[in-house]
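In case you want the letters, here they are:
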Amino acid sequence: MAQRRPLMAAALAVPLLARGAAAQATAPATLAMAPGFFRFKLGEFTVTTIHDGFRIMPLQGLVRNAPLAEVQAVLEESFLSPTDYRNIYAVTIVDTGRDLVVLDTGNGPQAAGATLGRLLSTMPAAGLDPVRVSTVAISHFHGDHINGLIDAQGGAAFPNSEVVVPAREWAWWSDAGNETRSPPGQRRNFANTALRFAPYAGKIRQLTDGAEAVPGIRMHAAEGHSPGHTIWHIANGGAELIYLADTTHRPELIARRPDYETIFDFDGAAGAASRRRVLDRVATDRVRVTGFHFPFPATGFMKREGQGFRFVPVDWASAG
Ligand SMILES: [Zn+2]
C-alpha cells in the first residue's frame, strides 16, 4: 500500500481543527436529509428521479460466483464499503405531457426503517401528485420494485393508475405452481405479488417484448435477473433514455464485473448475458440511462472499461 502523505503541515492543522469543532457545535443534531429528487428534459418529456432510500445488507454471499476478497476489491476501487453492501434505490418518473408514468415503485411506505420507502413522501416536493399518475410500469416483481404499489394503509398508492407489467413476469409469479421451480430465496414473491397487485384488479395490462406502455415508452425484455425482467426505452423528439431497472445492481460492482451472479438473480447466467447485451448497446450508442440501484441521481452513461463497464454519472449542470 502506498504510504499516506500528511494533508498539511502540523502547524496549520491545529487552527483548522479548532474551526471544525466550532462549526460542529452549531450543526443540527440530526442525520435526516431533505427530500431527494432530480429532473431533466428528454425532448418534450420531463424525467424525474426520486431517491427511495437505502438499506445496508451483508456482503458475504452476495455474489455467488466470485470469492469475497475479489468482490471487496472491486467495491474498494469505487471507495465503497468492503464490509457490507449498501443497497440504494431510485425511481424514474416520466411526464410525457399525455401520461405521468412511474417506473417501479420502490420499497413502499410500509418498509421497515426510516431510510426506506421515500417515494410517496418525496413526490409532493417534486410537484408530483400520486393521484395524477396514469401508468405504473413495472420492470419485475421483486419486492423493492412492487412493494410501493400500496400505501401505508394497504390501499392503492396510485389510485387512478393502470399498472403495466411484462407478460412473462406476470405469468411466472401469478402461478403458484412455479413456486417449487423458483430459487428458495425468491418464493416469497408469489404471495407478495398477490398482495401488492390486489388493489389494481382489472387495471393490470400485460405487455410483450417491444410493446408500448404509453406513446414514447416501450418495453424490451432483459431476462435472467427475474423470469420476465424488462427494461424501458423512452424516446421523444430524437432524444432517448433507457431505464435499466436491475440490468445491473450497483453499477460500481456489477457493471464493473458483468459476469457476476448475485443472490438476487433468478437465473444468473441468463441475467449476465442480458446485461452484456444491454450494456454493450447503451455504451456503443452512448444512450443516457437511469438505473434502480444506481447512485443518486441515478442517471448518466455507461462506458466500456477493462473487463466490464463504468457508470459515468451526470450532474445538475447537465440537467437540461
Ligand atoms: Zn431491485
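First things first, this report covers the structure right here in the doc. None of these values were measured; they are calculated from a predicted model.

**Some details on the pairing of strand S13 (residues 299–305)**
Pairing of strand S12 (residues 288–290) with S13, which is carried by two bridges, proceeds in the antiparallel orientation. When the sheet's bridge partners are listed, Val 289 is paired in S13 with Gly 300. Sheet analysis places S13 next to strand S14 (residues 308–313), joined by six bridges and oriented antiparallel. Paired with Glu 305 across the two strands is Gly 308, which belongs to S14.

**Observations concerning the pairing of strand S11 (residues 239–243)**
The sheet contact formed by strand S10 (residues 230–236) and S11 spans five bridges and is antiparallel. Pairing of His 233 across the sheet is with Ile 242, part of S11. Sheet analysis places S11 next to S12, joined by three bridges and oriented parallel. Opposite Tyr 243, over in S12, you have Thr 290 as the bridge partner.

**A look at the coordination of the zinc ion**
The coordination sphere of the zinc ion, as far as protein atoms go, consists of Asp 144 (OD), His 145 (NE2), Asp 246 (OD) and His 293 (NE2), spread over 2.1 to 2.5 Å. Every donor counted, the four donor atoms about the zinc ion form angles of 85 to 170° at the centre, which fits irregular coordination. Counting along the primary sequence, the residues that act as donors to the zinc ion give the motif D-H-x100-D-x46-H. In this pair, Asp 144 is assigned in helix H4 (residues 143–146) and Asp 246 in the loop between S11 and helix H7 (251–254), connecting sequence segments 102 residues apart. Overall, Asp 246 belongs to the buried group, its relative accessible area being 3%.

**Considering helix H2 (residues 68–77)**
Listed as buried for H2 are Val 71, Val 74 and Leu 75. Here the buried residues of H2 occupy an arc of 100° about the axis, which is enough to place them on one side. The elements touched by buried residues of H2 are H7. At the C-terminal side of H2, Phe 79 shows a positive phi close to 60°.

**A few points about the sheet that holds S12**
Read across the open sheet, the seven strands follow the order S8-S9-S10-S11-S12-S13-S14; overall the sheet is mixed. Taken across any chain shown, the strands that pair with only one partner, and hence form the sheet edges, are strand S8 (212–214) and S14. Averaged over neighbouring strand pairs, the angle between their axes works out to 35° when direction is ignored. Where helix H8 (residues 268–284) meets the sheet, it contacts strand S9 (217–221), S10, S11, S12, S13 and S14, and its direction lies at approximately 100° from that of S13.

Calculation rules
- Residue indices begin from 1 for each chain and proceed along its sequence in written order.
- Given that the model is predicted, a residue must reach a pLDDT of at least 70 before its local features are reported, and side-chain atom pairs must reach 80 or more before they are shown or counted; all residues, however, enter totals for whole chains, interfaces and linings.
- As a rule here, side-chain values come from all non-hydrogen atoms in the structure, and water together with hydrogens is ignored.
- Here, a strand pair is defined by DSSP locating no fewer than two bridges between the strands.
- Strands are runs of DSSP state E lasting at least 2 residues, helices are runs of H or I lasting at least 4, and numbering of each runs from the N terminus.
- Distances decide who is a donor: an N, O or S atom must be within 2.8 Å of the metal, or within 3.2 Å for Na, K and Ca. Water is not included, so sites may look incomplete.
- Here a site with four donors is tetrahedral if all angles are between 85 and 135 degrees, and a site with four or six donors is square planar or octahedral if opposite donors are over 155 degrees apart and the other angles are between 65 and 115; anything else gets the irregular label.
- For each residue, the accessible area found with a 1.4 Å probe, counting protein chains only, is set against the maximum for its type, and the residue is called buried under 20%, exposed over 50%, and partly exposed in between.
- The directions from the helix axis to the C-beta atoms form the arc being described.
- Contact definition: two residues touch when any of their heavy atoms are within 4.5 Å.
- In this description, a line fitted to the C-alpha atoms serves as the axis of each element, helices being fitted only across the stretch in contact, and the angle between N-to-C directions of two axes falls anywhere from 0 to 180 degrees.

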